[in-house]
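Inside the fold
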Amino acid sequence: MSRVLNVLLTHQPVAQMDRMLAWWRDYCPPENVLIVFNGDEKLLAQLDHPHKTLVDDPRLRTVKHPRERQSYTGVWRVVSRWLEGRDYTHVHFAEYDQLPVTPGFNERQLTYLEEERADVLAFQLQRVDGTSQPHYLYHAALPGFFKHWESFSVRHDRRVVLSMFGSGSFWKRGAFDVTAARTEPFPIYLELYLPTTAHHLGYRLRDWGDQNRHINSLGDFVDQIEHARRDGAWTLHPVKTLWNQPLPTR
Amino acid sequence: MERFKMVLRTLVVRAARALGSPVVDQRTGRVLGRALIVSFRGKVHLIGLEAAVRPVFLPQERLTYWKQEMGFTTHPAPDFPHEPRP
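Please read all numbers here as calculations on a predicted model, not as lab measurements. Residue numbering note: each chain is counted from 1, following its sequence as written. Chains carry letters from A onward and ligands carry numbers from 1 onward, assigned in written order. In view of the model being predicted, local features appear only for residues whose pLDDT reaches at least 70, and side-chain atom pairs are presented and counted only at 80 or more, with totals across whole chains, interfaces and linings using the full set of residues. Water and hydrogen atoms were dropped before computing side-chain values, which therefore reflect all heavy atoms in the structure.

Another point: the interface of chain B and chain A. The criterion used for residue contact is that any of the two residues' heavy atoms lie within 4.5 Å. Listed by partner, the interface residues are 15 residues for chain B and 23 residues for chain A. Defined in terms of a 1.4 Å probe, buried area is the accessible area two parts forfeit on being brought together, summed over both. For the pair chain B and chain A, the two sides together bury roughly 1700 Å², of which 52% comes from carbon and sulfur. It is His-75, Pro-78 and Phe-80 of chain B in chain B that bury the most area against chain A; as a group they hold 38% of the surface buried on that side. The salt bridge criterion pairs a side-chain nitrogen of Lys or Arg with a carboxyl oxygen of Asp or Glu, the two atoms within 4 Å. Taken together, chain B and chain A are joined by three salt bridges. In this structure, Arg-204 of chain A and Asp-79 of chain B form a salt bridge, with 2.7 Å as the shortest nitrogen-oxygen distance. Residues adjacent in sequence count toward polar contacts only when both atoms are side-chain atoms; beyond that, a polar contact is any pair of N or O atoms within 3.5 Å, and within protein one must be able to donate a hydrogen and the other to accept it. The tally of links from chain B across to chain A stands at eleven residue pairs in polar contact (both at pLDDT 80 or more).

Residue and element names in this part refer to chain B. The antiparallel open sheet is built from three strands, whose spatial order is 1-2-3. Pairing within the sheet leaves two strands with one partner each, and these edge strands are strand 1 (21-24) and strand 3 (43-47). Direction aside, neighbouring strands of the sheet carry axes that sit 55° apart on average. Each of strand 1, strand 2 (31-40) and strand 3 touches helix 1 (residues 2-19); the most contacted strand, strand 2, lies at about 100° to it. For two strands to be treated as a pair, DSSP must find at least two bridges joining them. By the criteria applied, helices consist of DSSP H or I runs no shorter than four residues and strands consist of E runs no shorter than two, each listed in order from the N terminus. Under this scheme, a helix contributes an axis fitted over its contacting stretch, all axes are lines through C-alpha atoms, and angles between N-to-C directions fall in the 0 to 180 degree range.

Glancing now at unusual backbone geometry. In this model, His-237 of chain A is joined to Pro-238 of chain A through a cis peptide bond whose omega is -5°. One can find Pro-238 of chain A in the segment after strand 9 (235-236).

This brings us to a nonpolar patch on the surface. Residues and elements named next belong to chain B. Candidate patch residues must exceed 30% relative accessible area and have no salt bridge, after which like charges are joined if within 9 Å and Val, Leu, Ile, Met, Phe, Trp or Tyr side chains if within 5 Å. Note that accessible areas follow from Shrake-Rupley with a 1.4 Å probe, and for residues the cover is restricted to the protein chains shown. Together, Met-1, Phe-4, Leu-8 and Val-12 make up a nonpolar patch on the protein surface, roughly 460 Å² of accessible area in all. Mapped onto the elements, Val-12 comes out in helix 1. Think of it in three bands: residues with accessible area under 20% of the maximum for their type are buried, residues over 50% are exposed, and the middle band is partly exposed, with areas taken using a 1.4 Å probe on protein chains only. The class of Val-12 is partly exposed, set by a relative accessible area of 44%.

Turning to the packing of helix 3 (residues 73-83) of chain A against helix 7 (residues 173-181) of chain A, a few remarks are in order. All names here are of chain A. Interhelical geometry of helix 3 versus helix 7 gives an angle of 125° and a closest axis separation of 9 Å. The orientation of helix 3 relative to helix 7 falls into the category oblique. Crossing angle aside, the handedness with which helix 3 passes helix 7 is left-handed. Contacts between helix 3 and helix 7 involve Trp-76, Arg-77, Val-79, Ser-80 and Leu-83 from the former and Arg-173, Phe-176, Asp-177, Thr-179 and Ala-180 from the latter. The residue makeup of the contact of helix 3 with helix 7, split by class, is five nonpolar, two polar and three charged. Oblique is the label for any angle not covered by the other classes, which are roughly parallel (under 35 degrees), roughly antiparallel (over 145) and roughly perpendicular (65 to 115). Each crossing gets its handedness from the near helix: less than a right angle anticlockwise from the far helix is left-handed, clockwise is right-handed. Residues are grouped as follows: nonpolar covers Ala, Val, Leu, Ile, Met, Phe, Trp, Tyr, Cys and Pro; charged covers Asp, Glu, Lys and Arg; every other residue, Gly included, is treated as polar.

Right, let's get into the pattern of salt bridges. Evaluation of the coordinates by the stated rule reveals 17 salt bridges over all chains. One salt bridge connects Arg-159 of chain A with Glu-150 of chain A, and the closest N-O pair in it is separated by 3.8 Å.

Residues and elements named next belong to chain A. Centres within 6.5 Å are what make two rings of Phe, Tyr or Trp a pair, Trp counting through its six-membered ring; a difference in plane orientation under 30 degrees is then read as stacked, over 60 as edge-to-face, and the rest as tilted. Evaluated as defined, the whole model comprises 17 aromatic pairs over all chains. Residues Tyr-72 and Trp-76 carry aromatic rings whose centres are separated by 6.3 Å and whose planes lie at 15° to one another, so their mutual orientation is stacked. Classification of Tyr-72 by relative accessible area gives buried; the value is 3%. Measuring from ring centre to ring centre gives 5.0 Å for Trp-76 and Phe-93, while their planes differ by 50°; the resulting arrangement is tilted. One end of the pair, Trp-76, is in helix 3; the other, Phe-93, is in strand 4 (residues 90-95), with 17 residues separating them in the sequence. Phe-93 matches Trp-76 in its accessibility class, with the two residues each being buried. Grouping aromatic residues by their ring pairs yields a cluster made of Tyr-136, Phe-145, Phe-146, Trp-149, Phe-152 and Tyr-193. The cationic tip of Arg-69 hangs over the ring face of Tyr-138; the distance from NZ or CZ to the ring centre is 4.1 Å. Two thresholds decide whether a charge sits over a ring: the Lys NZ or Arg CZ must be within 6 Å of the ring centre and within 35 degrees of the ring normal. Looking at Arg-86, its charged tip hangs above the ring of Trp-82, at a distance of 3.7 Å from the centre.

Next up on the list: the pairing of strand 1 of chain B. Residues and elements named next belong to chain B. In terms of strand pairing, strand 1 meets strand 2 through four bridges, oriented antiparallel. Across the sheet, the residue bridging to Val-24 is Val-31, located in strand 2. Where strand 1 hands over to strand 2, the hairpin turn is made up of six residues, of which Gly-29 adopts a positive phi near 85°.

Here's what the structure looks like:
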């Protein structure tokens, strides 16, 4: 029996988190939602939700994320530790501004993962080694970048570098825990680090295909929720201001 | 100053796409976008292209010693198998 933990990473005030949880409760049981809060412990204590934890990682608090090589490794580690002794089989990670828009989205994710025989589903997944992809080129200049993957890879081709969009991803529990247990040798941007690490550990990653249409890097799609739902979206990104006001009646 | 640089960059990229050539994926034939391709000091500068491309020398039906052609291609979508660790 599969059980998905939805991990929501947020730094928002308590009122916004309350509204975000109210939204998520319409789409999955509250016991399947873990709030990972990047902020003050006292604020988190005010949040009325059973599953919550704090992440305190300076590498998460970047401003220019790719340039400063933002990391989710600390988040992965905190969640993996929280999962110890719990029976969740899959982890769906989402930033605070990525929200579900279709009931049963976790079941759809599980079905797609099964169809693709994948261990990880990622948005905008692509192979970027040897290409003009800016994040790849920025890291290829780092001494030790290629040696790092070669040091633990189980793959025949140890120079493969993968990239994904970081706002959301879906993991089998084993792939999540093993990736979380690795240590970054030096700062590597999360959009390269997470998929490339999982790949070289032997896990199969697949792109989310048609769902990519609903995942954007810029803008605020707060007025597009109904349209995205009708258009077949399971989740939508970015919706940044929905939690700033009382939720619309659904 | 930062805002001025961003505006300037946007204008340069727009001009590069307007004046540049279409970039075709030599593997699939798909048009990947437009870019200005400039050679300067022994390096090729690709300006304005959004796709992640790899440079490739193209096969030639005629044997020419004086000219070779370069194009661009992309990796296929990742489809690696699950490989259990030893």
